[in-house]
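In case you want the letters, here they are:
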Amino acid sequence: MRIHHLNCGSLRKIPLLGGSPAAGGGAAVGVPHERAVVCHCLLIETDSDGLVLVDTGLGTADLRHPARALGADWVEYARPALDPEESALRQVVRLGYAPRDVRHVVLTHLHRDHTGGLPDFPGARVHVHPEEYRAVTDPTAVHHRHSLDLFVPGHRAHRPLLSPATVDADAQWFGIPGVARPQGLRHELLMVPLPGHSAGHAGVAVRGADGRWLLHAGDAYMYHGELDGTPPLTHPDLEPVQQGALTDAGAGAATLSRLRALRREHAAEVAVFSAHDPWEFARLTAPERAGVSPAGARAAGRGR
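Just so you know, these numbers come straight off a predicted model, no measurement behind them.

Cut-offs used in this document
- Residues numbered from 1 in each chain as written.
- Predicted model: local features only at pLDDT ≥ 70, side-chain atom pairs only at ≥ 80, totals over all residues.
- Heavy atoms only, no water.
- Helix = DSSP H or I, 4+ residues; strand = E, 2+ residues; numbered from the N terminus.
- Buried < 20%, exposed > 50% of the residue type's maximum accessible area, 1.4 Å probe, protein only.
- Pairing = 2+ DSSP bridges.
- Phe/Tyr/Trp six-rings, centres within 6.5 Å; stacked < 30°, edge-to-face > 60°.
- Lys NZ or Arg CZ within 6 Å of the ring centre and 35° of its normal.
- Arc of directions from axis to C-beta.
- Contact = heavy atoms within 4.5 Å.
- Polar contact = N/O pair within 3.5 Å; in protein donor to acceptor, adjacent residues only side chain to side chain.

Colleague: Explain unusual backbone geometry here, please?
Modeller: Of all residues except glycine, most have a negative phi; of all peptide bonds, most are trans. At the junction of Thr230 and Pro231, the peptide bond is cis and its omega measures out at 0° in the coordinates. Secondary-structure assignment places Pro231 in the loop between α9 (225–228) and α10 (239–245). Phi is positive for Leu82, close to 60°, though the residue is something other than glycine. Examined against the element boundaries, Leu82 turns out to sit in the loop between α3 (72–78) and α4 (88–94). When its relative accessible area of 31% is taken as the criterion, Leu82 is described as partly exposed.

Colleague: Looking at this model, I keep getting lost on the pairing of strand β15 (residues 213–216). Mind explaining?
Modeller: The side chains of a regular strand alternate between both faces of the sheet. Of the two faces of β15, both are covered, the one formed by Trp213 and Leu215 as well as the one formed by Leu214 and His216. Relative to β15, strand β14 (residues 202–207) runs antiparallel, the two being bridged by 4 bridges. Across the sheet, the residue bridging to Val206 is Leu214, located in β15. Linking β14 to β15, which pair antiparallel, is a turn of 5 residues; within it Gly211 sits at a positive phi near 90°. Where β15 meets strand β16 (residues 270–273), 4 bridges bridge the pair, whose relative direction is parallel. In the strand pairing of β16, Leu214 is matched with Ala271.

Colleague: Teacher, can you tell me more about the pairing of strand β5 (residues 51–54) here?
Modeller: Burial along β5 is two-sided: Leu51 and Leu53 facing one way and Val52 and Val54 facing the other are all buried. Two strands pair when backbone bridges link them, and strand β4 (residues 40–45) and β5 are joined in this way by 4 bridges, in the antiparallel orientation. In the strand pairing of β5, Ile44 is matched with Val52. Joining the antiparallel neighbours β4 and β5 is a turn of 5 residues, in which Gly50 adopts a positive phi near 70°. With 4 bridges connecting them, β5 and strand β6 (residues 102–106) associate as parallel partners. Directly across from Leu53, in β6, lies its bridge partner Val105.

Colleague: I tried to follow the packing of aromatic side chains on my own but got confused; where do I start?
Modeller: For any pair of aromatic rings, the description consists of the separation of the ring centres together with the inter-plane angle of the planes. Scanning the entire structure with this criterion turns up 3 aromatic pairs. With centroids separated by 4.8 Å and ring planes inclined at 80°, the aromatic side chains of Trp173 and Phe174 adopt a geometry described as edge-to-face. Note on Trp173: relative accessible area 4%, which makes it buried. Aromatic pair Tyr223 and Trp279: ring centres 6.1 Å apart, planes at 85°, arrangement edge-to-face. Of the two residues, Tyr223 is situated in the loop between β15 and α9 and Trp279 in helix α12 (residues 278–284); the sequence distance between them amounts to 56 residues. With respect to class, Tyr223 is no different from Trp279; both count as buried. One aromatic cluster is present, built from ring pairs that chain together Trp173, Phe174 and Trp213. When the ring centre of Tyr77 is taken as reference, the NZ or CZ atom of Arg12 above it lies at 4.6 Å. Lying across the ring of Phe151, Arg156 places its NZ or CZ 5.7 Å from the centre.

Colleague: How should helix α6 (residues 130–137) be read in this particular structure?
Modeller: Each α-helix winds once per 3.6 residues, and so residues spaced three or four apart point in a common direction. Turning to α6, its buried residues number three or more, namely Glu132, Ala135 and Val136. Buried positions in α6, seen along its axis, are confined to an arc of 85° and lie on one side of it. As for α6, its buried residues are in contact with β7 (125–128), α7 (144–150) and β8 (161–164).

Colleague: I would appreciate a short explanation of the side chain of Ser147 in the present structure.
Modeller: With respect to the element layout, Ser147 can be found in helix α7. With relative accessibility at 9%, the residue Ser147 sits in the buried group. A distance of 2.7 Å separates a polar side-chain atom of Ser147 from the backbone oxygen of His143. With residues near it in sequence (within four places) discarded, Ser147 still touches Ala135, Val136 and Ala199.

Colleague: How do you make sense of the environment of Ala36 when you look at a structure like this?
Modeller: In this fold, Ala36 is placed in strand β3 (residues 34–36). Its relative accessible area of 11% is what places Ala36 among the buried residues. Residues Ala36 and Pro119 lie 83 residues apart in sequence; the distance between their C-alpha atoms is 25 Å.

Right under this line is the structure:
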């Protein structure tokens, strides 16, 4: 089993805020003070389930017709690099695989910068948290219209096989209750409820070959200062995006508290990272880091 960290879409550049620690690495000495926001995805090579992709970033169709696929306003604000080599499809191929080898896609949520690659892997089973599934399939759901609007038409026109994960009411993961297991996936991977950003927003936890867990926290936070700062520090360039999508402010605040405690109390056991923080991404894709192949590190490093 091998885990690759991939940047599947460089976005606008943002500065490192003054006094902000370098993504869990202490003082920001020698750390670049401006980086492009990333779309951080995971590609997991498993023995039992083929390739598993966690989030998909921007897809090849998005890059060909960005305003039409993603929305002109979003493109103007996010300023995507539109580099085809950053697509999950191209990175999978560079690692020596075919698109059909991606048999499962696990999504933190159904927003455009996480679902763009779905049409590039039309045969994959797409796993989402059951509350996220309900929000886009049940017209009576509280956030149905909002959720469906953010799950852009071009990413679902091929009718992806959406599959709600199964919640284990009695299961906990580092004290977080209600974790869900993707159906038909035998690999040790869990969907951890991190509500607030979307109707059924979830983190994706996967155990690495070294026994340490990775928690892809999606958009539960977007800048490492929100977890590491004292007091917590949001980024002014990312805060409008977070606030614009928020479905439950109270739940979002509780999620942040849980993630802060997780990083503070279990740093040796769990590496927590967001979908968009480029300093976290740079730390996790350092070539010498165990569990990341040289090929994976090279593929992920594009756009840094």
